Structures are given as structure tokens and as C-alpha cells.
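Summary of structural features
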Amino acid sequence: MTESVPVRRRVTSKTNGVNESDGAHSNGQVTSYEDNETLRRQTLRFRAEFLEQIDGHLDQLLEKVMHTSKTVEETGSSDEENGADGRQKRQAHKVFVERESLLTKMFLSEEIKTIYNIFVAILIVMILNTLVYDIMAHGRLVIDFSHIGWAFGQFPLVITLWLVMQAQALVAFPLFQQWTQMRQDCRTGTATIDILWLLIYASFQLILATYPIMAIYNWNLPPASTVAVACEQVRFMMKVHSFVRENAVKVLLPASQDLPAGNTLELPGFSKYLNFLFVPTLIYRDKYPRTAVIRWKYVVTNFAQVVACLFYTYYIFARFLVPVFNEVGREPLNLRNLALLTFSSMVPGMMVLIIGFFSILHSWMNAFAEMMRFADREFYKVCHSA
């Protein structure tokens, strides 16, 4: 009987401990529930505030869109009254503004700049690989740029063809002036004059499209020289067409309207046309946005990048493409050999395309844009000036 008392005390103490732990656990559950409830209320309040802000921003955006569309409709109606609605709509999509090229803006980012540095590092590794190979295999440096010399062969003929195409493009300006003068002198029968000069213009473009191709074929120009002549041929054809198209409207539009007495038709001078032939765009305008100064260091940097891309392309051909295609013709061409040639050329070919894009559409055009103080540098983002 005397031993039962402490047992009861121990049992009682255990029971009290369990009750205390249950009470603490229930208090923790209550506190956790209160915290969750507070968090839920804050979340609901934040969501309501966020939706209210979004709704306000959407209302403002819709108001701006409605105001813009209303302004465009008013402008369009006034243009229809003036008889120039179609032209105004076309010009709305061809506005030149001062802006840097896409890659120039992207190179401000460290991540994109890293990709540029990777290509530079690959070029350095290729040069070191060539130097080490020549020293180890031949005991001296073997500098062989015969592939570059072959690709750009018959360079004097290329320059001659370019000068002839340049001269023909310059002749388009006095021909256009002659057509304009004849229309102004002849008040009646302008349709016959227009048809006659349209045939002359078509013959002009046909000649410009024909004789460079015939020269390439007859003199068997190498690849790089052929690409240079063909690209310049297309550029001159599109430049001439853009000048004629943009200014012919100025001549044809007043034909249906009586000009005030003493007023003459204002057409661009030769200096504007000559400037247009060299600025890196295919859309003619009387005026373009211009930079304040010429950054000659920037010009030299871009031309240096063009030269570096040229040697980059040479190393790709010399190390990856020439050894592969030297074996063509020694074995019969079957499906297996064709697949090996194709897949061996994919990666080098893709690198050549990327390098060509960077050297021509970025470095070369930026250099000429800087020298001509042409401020709109988005050559390859805007489709009409790509």
C-alpha cells in the first residue's frame, strides 16, 4: 500500500505533461491558423490592388490606341481629299530616324559581347594552330594565302565592271530629268511620252541586268569576284529603281492638278542622287538623318573587322573544306560519299554564313554609314533597308 502512492504521483505527472504538450500544440495550431489567415487576407488585398492597377493601365492604353486610330483616320481622310492617301500610307512605314544597328546595341550587353569574344578566341586558336603545325611539320612558317588570291582573282576586271555599272547608274539621273522636261514642255499627249520612256527605262534595267552576268560567264570570274560583281549589280539596279519610283510620283501627280502660275516642279539635285548611291539604304529620300561628326576610329575598327572576317573565312576553308573537297573526283560519287561531304560541310558552312552576315551587313555597312554620316543604322532589322 505504501508503494502505490509514488506510482500515482508519477502517473499524475505524466498526465500533466501530456496535457501541457497538448495545450502547447493546440496553441501552436491556433497561432499557425491565425498566421495563415493573415497571409491569405494580405494576398487577397495585394491581388485586388494589382488587378486595379492593371485595369487602370489597360484603360490608359486603350485610350491611347483609340486616340491614335482616330488621328490616323483623320489624317487619312485629309489625304484622300488631297489625292495622296496611298503615298502617305506607304511613307508611314519608311521613316528614317537616328538609331544604332541591332548588333551595336546588343554588344552593350556583356552576355552578347561574350559570344563576340568567343569568335575572336576561335580565330586566335586557328592562327596558333596553323603556326604550330607549320613549325612542327616544316620547321618554318608556311604563309600560303593562295586561296584568297584565287577567290579574288581578276581584280582589275572587277574594278572595271564596277566603274561601268557606276557610270550607267549615274546616267539614270540625266535621263530622268529629260523625261521630266519633255512632260513639262508637252501639255498634251503625255501618255505617249510616258510609254516611250517606260520602254527606255525597261531597256536600261535590262542592260544593267545582262552585261555583268555575261562578263562573269565569258571571263570565268572566281567565286569571290563573282559575288562582288553580282551584289553590286543588284544594288545599282535597286538604287536606280528606288530613285525613279520615289520621284516619278512627284512628276505624275501634278499632271492631274493645275500648278499655280509661276510654280515649277521641284526635283532633287544631282548631289542628293549621288549621296543616295553610296549611303547604305535602298529607299530614296531627299534627306536622311545625319550624325554630327565622323568617328574615324569607328570606321577603322569596322574595316579591321571586315579584314579579320576575311582571314577567318580563309582558315575555315583551308582547314575544314579544302581537304574534304580535294578528294572529290578521286572516288566514285555514291550516296555514302555524298552524305560524308554534306555533313562535313554543315558546321563550316554555317560559320561562313554567320561571318559573312557580320562582315557585310554589320561592319562594312556601318563603316560606310559612318563615313557618309548616315544615322539610321538598322540595316538588317528593318526589311526595306536590309
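Rules used throughout
Residues numbered from 1 in each chain as written. Predicted model: local features only at pLDDT ≥ 70, side-chain atom pairs only at ≥ 80, totals over all residues. Heavy atoms only, no water. Phe/Tyr/Trp six-rings, centres within 6.5 Å; stacked < 30°, edge-to-face > 60°. Helix = DSSP H or I, 4+ residues; strand = E, 2+ residues; numbered from the N terminus. Buried < 20%, exposed > 50% of the residue type's maximum accessible area, 1.4 Å probe, protein only. Lys NZ or Arg CZ within 6 Å of the ring centre and 35° of its normal. Axes fitted to C-alpha atoms, helices over the stretch in contact; angles between N-to-C directions. Left-handed = near helix turned anticlockwise from the far one by under 90°. Contact = heavy atoms within 4.5 Å. Nonpolar A, V, L, I, M, F, W, Y, C, P; charged D, E, K, R; others polar. Polar contact = N/O pair within 3.5 Å; in protein donor to acceptor, adjacent residues only side chain to side chain. Core = buried A, V, L, I, M, F, W, Y, C linked by side-chain atoms within 4.5 Å. Salt bridge = Lys/Arg side-chain N within 4 Å of Asp/Glu carboxyl O.

A word on the packing of aromatic side chains. Counted under the stated rule, the structure contains 20 aromatic pairs. An angle of 50 degrees between the planes, with centres 6.2 Å apart, marks the rings of Trp-162 and Phe-236 as tilted. A residue pair is termed long-range when its members are at least 10 positions apart, and Trp-162 in helix 6 (residues 155–185) and Phe-236 in helix 8 (residues 223–252) qualify at 74 residues. Given the relative accessible area of 26%, Trp-162 is considered partly exposed. Three or more aromatic residues joined by ring pairs make a cluster, and in this case those are Phe-173, Phe-176, Trp-179, Phe-243, Phe-270, Tyr-273, Phe-276 and Tyr-284. The ring of Phe-236 carries the charged tip of Arg-235 above its face, separated from the ring centre by 4.7 Å. Over the ring of Phe-276 we find Lys-239, and its NZ or CZ is 4.4 Å from the ring centre.

Below, the discussion takes up the packing of helix 6 against helix 9 (residues 270–278). Two elements in contact, helix 6 and helix 9, have axes whose closest approach is 10 Å; the angle formed by their N-to-C orientations is 145 degrees. Judged by the sense of rotation from one axis to the other, the crossing of helix 6 with helix 9 is right-handed. On the side of helix 6, the interface is formed by Gln-166, Ala-169, Leu-170, Ala-172 and Phe-173, while helix 9 contributes Phe-270, Tyr-273, Leu-274, Leu-277 and Phe-278. Classifying every residue of the contact of helix 6 with helix 9 gives 9 nonpolar, 1 polar and no charged.

So, about the side chain of Asn-302. Residue placement: Asn-302 occurs in helix 10 (residues 296–325). Take Asn-302: its relative accessible area is 2%, and that puts it in the buried class. The contact partners of Asn-302, leaving out residues within four places of it in the chain, are His-362, Ser-363, Asn-366 and Ala-367.

Moving on to the environment of Arg-377. Counting through the fold element by element, Arg-377 comes out in the segment after helix 11 (335–371). With relative accessibility at 1%, the residue Arg-377 sits in the buried group. Considered as a pair, Arg-377 and Leu-102 are 275 residues apart in the sequence and their alpha carbons are 7.9 Å apart. In contact with Arg-377, other than residues within four places in its own chain, are Arg-99, Glu-100, Ser-101, Thr-291, Arg-295, Tyr-298, Asn-366, Ala-369 and Glu-370. In terms of polar contacts, Arg-377 uses its side chain to reach the side chain of Glu-370, at 2.9 Å. Within polar-contact distance, the side chain of Arg-377 engages the backbone oxygen of Phe-374 at 2.4 Å.

What follows is about the nonpolar core. Core analysis: the largest hydrophobic core is formed by 49 residues, its most contacted members being Phe-243 and Tyr-273. If one sorts the elements of this core by residue count, helix 6 sits on top with 9 residues. Among residues more than four places away in sequence, those in contact with Tyr-273 are Ala-169, Leu-170, Ala-172, Phe-173, Val-240 and Phe-243.

The interhelical angle for the contact between helix 8 and helix 9, taken along N-to-C directions, is 145 degrees, at an axis separation of 10 Å. Every pair of crossing elements has a handedness; the one defined by helix 8 and helix 9 is right-handed. Between helix 8 and helix 9, the contacting residues are Arg-235, Lys-239, Val-240, Ser-242 and Phe-243 on the first element and Tyr-273, Phe-276, Leu-277 and Phe-278 on the second. Here the contact of helix 8 with helix 9 is built from residues that sort into 6 nonpolar, 1 polar and 2 charged.

For the rest of this paragraph, the subject is the pattern of salt bridges. Overall, the coordinates contain 11 salt bridges when judged by the stated rule. When the shortest N-O distance is used, the salt bridge between Arg-99 and Asp-376 registers 2.7 Å. Of this pair, Arg-99 sits in the loop between helix 2 (85–91) and helix 3 (102–106) while Asp-376 sits in the segment after helix 11, and the two are 277 residues apart along the sequence. The exposure class assigned to Asp-376 is buried, which follows from its relative accessible area of 5%. Close ionic contact of Glu-370 with Arg-377 constitutes a salt bridge, the shortest N to O distance being 2.9 Å. One continuous salt-bridge network, built from bridges that share partners, spans Arg-99, Lys-105, Asp-376 and Glu-378.

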